[in-house]
Structure formats: structure tokens, C-alpha cells
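Residue-level listing of the chains:
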Amino acid sequence: MKKTYLTLAILGFILPSIFVAIESIETGNILLYTKPKVTLNGMFSNRISSIFSIDLLFAVLVFFIWSYSETKKYKIKSLYLVWLLTLLFGLAGGFPLFLYLREKRGE
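To start, this report covers the structure provided alongside it. (Residues numbered from 1 in each chain as written. Predicted model: local features only at pLDDT ≥ 70, side-chain atom pairs only at ≥ 80, totals over all residues. Heavy atoms only, no water.)

Each pocket or cavity is described by its volume, and for the largest pocket that value is around 890 Å³. Forming the boundary of the largest pocket are 28 residues, of which Leu32, Tyr33, Met43, Leu56 and Gly90 lie nearest the centre. (1 Å grid on protein atoms, 1.4 Å probe; cavity = no way out; pocket = protein on both sides within 12 Å on 5 of 7 lines; lining within 4 Å. Points joined across faces, edges and corners; volume = space filled by probe spheres on them.)

And the structure:
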């Protein structure tokens, strides 16, 4: 499963980043962080986007709690790097990256 998780991590970082890059170029809102008000307005611009945003934010919170617990069990040392990459680029890459690191340590 290690190769699968690594492949998913790479795709999870690249695919959303294409849209982030387009948005960054068109609006100047680099990585969606330099204009937080614009980002939040977009995230919660209607009920459907609000549902997806809240669901994703909650999933990230659960991932952080779970990965912290798993880090102690598997003695993974790079958790904060995974968290930083998750905050910068999203859960789609951070979660499979953590699973890859967990599988690698579990050998």
C-alpha cells in the first residue's frame, strides 16, 4: 500500500494546486492566504460551498487529532511537516502522505 499512498499523496498535492495556482494568478490571492477575507467569502458564499467547507474543516480537525495519536503509536517524527503541508496545500495530499509515512514506519 505504500506506493499507492505515495501516489495518492502526489496527486492530492498536484491536482488541487492546479486550481489554486489559477486562482492565485487571476486574483493575486497567493495560496488563498494573502487575502483571507476573499477566501472566506468564497468558502461561505452560498449554502452548498458552506456545507463542503465546514465538512472539510471538520475532517482536517479529525485528521490532526487522529494523526497525533497515530504518531505516538508508530513513532513518526515528521508529523508537523505533514500538518504544515496539509494547512498549505490541503487534506487531499496531507492525509495520504501521513498514511504513507505510517506504512513506512510499520514495516
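Still more ground to cover, so stick around.
All right, on to unusual backbone geometry then. Look at Leu32: it is not a glycine, yet its phi comes out positive at around 65°. When you line up the elements, Leu32 lands in the loop between α1 (2–27) and α2 (36–43). Note on Leu32: relative accessible area 30%, which makes it partly exposed. The phi angle at Lys75 is positive, at roughly 55°, despite the residue not being glycine. Relative to the assigned elements, Lys75 resides in the loop between α3 (47–74) and α4 (79–89). (Helix = DSSP H or I, 4+ residues; strand = E, 2+ residues; numbered from the N terminus. Buried < 20%, exposed > 50% of the residue type's maximum accessible area, 1.4 Å probe, protein only.)

The next thing to look at is the side chain of Ser67. On the secondary structure map, Ser67 appears in helix α3. Once residues lying within four places of it in the same chain are set aside, the contact partners of Ser67 are Leu79, Trp83 and Phe98. (Contact = heavy atoms within 4.5 Å.)

Counting 16 residues, the largest nonpolar core has Phe63, Val82, Leu97, Phe98 and Leu101 as its most contacted members. Listed by contribution, the elements that provide at least two residues to this core are α1, α3, α4 and α5 (91–105). Among the elements that take part in this core, α5 stands out by supplying six residues, more than any other. Residues contacting Phe98, with those up to four places away along its chain left out, are Phe63, Trp66, Ser67, Glu70, Thr71, Ile76, Leu79 and Val82. (Core = buried A, V, L, I, M, F, W, Y, C linked by side-chain atoms within 4.5 Å.)

Let us look at α4. Here α4 has its buried residues at Leu79, Val82, Trp83 and Thr86. Considered in projection along α4, the buried side chains sweep an arc of 100° and stay on one side of the axis. Close packing links the buried residues of α4 with α3 and α5. Count one or two residues on from α4 and you reach Gly90, which has phi positive near 115°. (Arc of directions from axis to C-beta.)

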